[in-house]
Structures are given as C-alpha cells and as structure tokens.
Amino acid sequence: MSLILHRIVRVFRIGAPLVVLVGLACSQDSYGPQTAPNGFSVAFGIWTPGPGDTCTLATHDKYSVIGPDGKLYPTWHPPVDPETGCSFGHEHGRDPHGSDLYGEVGAIPFGYANEQLDTWDPTGKRHEDHFGHKVEWENDIEMNFGSEAASQLFDLRCDLLVKMHQGTHSKDAFTNNLHELVYHVRCTDGTEMHVTMFTAIGTPGEFVSSCTGNTVVVGVATPPNSPNGGGQRIIPEKACADQLLVPAGQRSNFGLLHESWQTSNSVRGENGQGIAHFDPYFQATLPSRFYDPAAPNVTGRPIDVCYMVGPNGERASGGPCDQSTGSGSIPGVTFNDPRSRFNGATRIMDINSIQIRNAEGPRVWFTDPFGRNGRPEAFPGSIRQVIARMNNDLGELNPAGPGIGRDRPYGSSGVHAPN
C-alpha cells in the first residue's frame, strides 16, 4: 500500500532538460505541507536553516508524507529546491523516484519507527536528527552465489530501495546503537521484503575504532535500555586522526577515517522464530567527525586536522585536506563550510545476504519497532512488515549482493556538515 495519500506532480524546466519531480504536498495547497489526520510526527519540522542555507522551513516542510499512522513525516528531498533554487545544505542520498519499487512503496516517512517506539516503550524514546536519513537504491542488481558457474545457473537479480539513518557529523553514534532502517527488496526468485525497524548495531555505549580495532567505551546510550545488537559500528577516534599528520613528502591515509556500520537484522515472531534476516553494511568514507574526549561534545573535526602541525612539522597532506583548503592556501575552513570535503556525502552500501524462512507464515506481520514479537494482528506501537511466503535459504549457496553507491557522491549543491 502506498504511503502517500495525496501526491501532486510538478514539472520544472532547469536549463534544457525537463525535470519531473513529485511534490509531496496536500491536494489543496501544492506549496505547503499536507494536512495529516493525526497531526505531526516528532520528526516533522525539526530542521532549521543554518548559516548559508537559503531555504526556509516552509520550503523544507513541503517535502512531506503521511505515514501509516496518519501523522505527517519528512521525506526525501533534493539538496536544492527546484522550484525556488534555494539550498537546504544537506542531502538524503539518491532520489528514490527512480527505483522500480517506488511506484509501490511510495515516499519513505523519515522517523516512523522512532514514532512507534514512543508508543511501544514510552520509557525508551529515541528521536534521531533529520540530517542522517540517507536513501540508496539500485535496480536489477546481479546477486553473487560465490562462483561464476552458480551465478550463471541461478541468475538472480534484485531491486533494492533502502533508507538508513547514518549521521556522521555528531557524537550521536559514539554511544547510540539504535538507528532507523527501511528495507525494500524484490528479486526474480520471489524474494520480497518491505521492512521498517530499528536496527541495533553493536553494543550501546561504545564503538569500535576504525584504526586500532579496539573497543572504545564512551557512555550511556539513548535510550538507556537500548538492546544489544549484532554487527558493529566502526568509527574513527582521535588516534586515527593523529595518524593523518605525516612528514613532508608523504601523503596521509584518509582511509583511517572510514566508517563502517555493519548491521545484522532479523524479523522474528512471538516465539522468537526467525522469519527473515538481512545484513547490509553502510560505509561512509569522509565523515565530518571523529571521537575525541577532549573536544567540545567529544567530537573532533577532520577539517581542523588539515591545519595542524606536528612537533616535527608533520601535516595532513593530499586528498580531501588539499581539496578543502587549496593545499593550505585557504585559511579558516570550518567543519560546516561547503568547501570542506569532510561532509559524510560519499557512501557505499554493501547489500550482503537476504534470507527468508516464511513458507508457512502470513505475508503480513506486525512487529515491535525492533522487528520482534511478530504476529498477524496489529498492536500498539507495532509496524506492518511484508515478507514473501517462501523459504529462499540455499545453505552454502546463499547469494550475496555487491556494494552500491560508490560512484555516487552526494556532496554537491552547497551540501555541508551537519549532513
């Protein structure tokens, strides 16, 4: 069922090409937010323009969608509003309208799982910022069975549309392991899932250092009762940033700042039986933060390292530092300056495996916000999940998907941290 109740198609001409956009607005007023029967979600209207952002809150809020609960949510928008030409200063990844799944699933309500958690567990609220919602998709993805012969024999292809909340600009993920994940997939073998949930990535209150592999304990997560999850959040710390300072004539290894959020997600029934499992990894190559317990909000900034000088004259050299500062000739570039390449806008999603064990179950399940306690009937705080009635488990021959998005950096059009 489409999540959009009213949708107005607007056509703009930008230069020579004709660009067709779907404006998410009410049918009575195509230039304002929709009227939702149950009011606003917590996620709606929380963005405000920062220095250099030229769009108004009203322009931003027209990109809205009514969720299954009848509340109004923010959704995907371009970094530049095509109607006014103003800039939002942040991006949400790839325009989902090109996905072969979009016609069925419609616009994605950002923060829907967060809203349902308020009902499911009022003591465990988890409200994420607006910037971190990132969309990625690909059509007709060729899945890999581990050998060329097996891949040719099965020739399995999938359409995938995913939204992950992966903020790489703030201290949030240093402690908080709960992040909203929306996962839509359909494959030529009948595999199909439409899942919205909180993915619990690793252990709350800590992360894994991107350069040492050590566990870094930071503090209490939000909410304090966040469950342990599979996978891990690999995030840079100050020790990684320090290694960017190299002697003259050497180039810095900016891969030390690479983030990898490795998820392990299950949809389960009331008795704990596994219904579906999927484990995408979300990579970010140039985040605008690293963990530094001595910095304000324990958040260090890679762009600041570009201006540092070590005790023996060591400096960060090459790549994004040179590009951001004109090889040191441009002083004063800050973490939220559009000139900084450290903006979290270059990402890769590793699809990995997709498994369903639901041959005897219903196609529609209702789970809690963590994908647990699934049953055929809705209950307070539940989320509707669609899982194909099939069993696609092939044991050692289970296929895995490739990485997507590597060639699609989104850091243009005035995008800057926070993003």
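Here is a short report on the structure shown in this document. Since this is a predicted model, take the numbers as computed values, not measurements.

Calculation rules
- Residues numbered from 1 in each chain as written.
- Predicted model: local features only at pLDDT ≥ 70, side-chain atom pairs only at ≥ 80, totals over all residues.
- Heavy atoms only, no water.
- Helix = DSSP H or I, 4+ residues; strand = E, 2+ residues; numbered from the N terminus.
- Phe/Tyr/Trp six-rings, centres within 6.5 Å; stacked < 30°, edge-to-face > 60°.
- Buried < 20%, exposed > 50% of the residue type's maximum accessible area, 1.4 Å probe, protein only.
- Lys NZ or Arg CZ within 6 Å of the ring centre and 35° of its normal.
- Disulfide = S-S within 2.5 Å.
- Salt bridge = Lys/Arg side-chain N within 4 Å of Asp/Glu carboxyl O.

**A look at unusual backbone geometry**
Here's step 1: Each neighbour pair has its own omega, and for Thr222 with Pro223 the value is 0°, a cis peptide bond.
Here's step 2: Relative to the helices and strands, Pro223 resides in the loop between strand 10 (215-217) and strand 11 (232-235).
Here's step 3: Going from Ala417 to Pro418, the amide bond is cis rather than trans, its omega being 0°.
Here's step 4: Tracing the chain through its elements places Pro418 in the segment after strand 24 (401-404).
Here's step 5: One non-glycine residue with positive phi stands out, namely Val298, at about 50°.
Here's step 6: Structurally, Val298 can be placed in the loop between strand 17 (290-291) and strand 18 (299-300).

**Re the packing of aromatic side chains**
Here's step 1: For the structure shown, the criterion picks out eleven aromatic pairs.
Here's step 2: With 4.9 Å between their ring centres and 25° between their planes, Phe40 and Phe44 make a pair best called stacked.
Here's step 3: For Phe40, a relative accessible area of 57% gives the class exposed.
Here's step 4: Both rings, one in Tyr63 and one in Phe88, keep their centres 6.1 Å apart while their planes meet at 85°; by these two values the pair is edge-to-face. Of this pair, Tyr63 sits in the loop between helix 1 (57-61) and strand 3 (64-66) while Phe88 is found in the loop between strand 4 (72-74) and helix 2 (102-105), placing the two residues 25 residues apart along the sequence. The pair formed by Tyr63 and Phe88 is uniform in burial state, with each residue classed as buried.
Here's step 5: Each member of the aromatic cluster is reached from another via a ring pair, and the members are Trp47, Tyr63 and Phe88.
Here's step 6: Note that Arg375 overlies the ring of Phe379, its terminal NZ or CZ placed 4.0 Å from the centroid.

**So, the state of the cysteines**
Here's step 1: For the coordinates displayed, the defined rule picks out four disulfides.
Here's step 2: Between the sulfur atoms of Cys158 and its disulfide mate Cys187 the distance is 2.0 Å. The sign of the S-S torsion, about 105°, decides the handedness of the disulfide formed by Cys158 and Cys187: right-handed. Placement of the pair is Cys158 in strand 6 (residues 157-165) and Cys187 in strand 7 (residues 178-187), with a sequence separation of 29 residues.

**Some words on the pattern of salt bridges**
Here's step 1: This structure, assessed with the given rule, holds 22 salt bridges.
Here's step 2: Taking the shortest distance from any N to any O, the salt bridge between Asp172 and Arg126 comes out at 2.8 Å. Of this pair, Asp172 sits in helix 5 (residues 172-175) while Arg126 sits in the loop between helix 3 (112-120) and strand 5 (133-142), and the two are 46 residues apart along the sequence.
Here's step 3: For Arg126, a relative accessible area of 1% translates into the label buried.
Here's step 4: Across the salt bridge formed by Arg339 and Asp337, the nearest N and O atoms sit 2.8 Å from each other.
Here's step 5: When its relative accessible area of 43% is taken as the criterion, Arg339 is described as partly exposed.
Here's step 6: The exposure class of Asp337 is buried, given its relative accessible area of 14%.
Here's step 7: What you see here is one network of salt bridges that share partners, running through Arg94, Glu136, Glu138 and Arg408.

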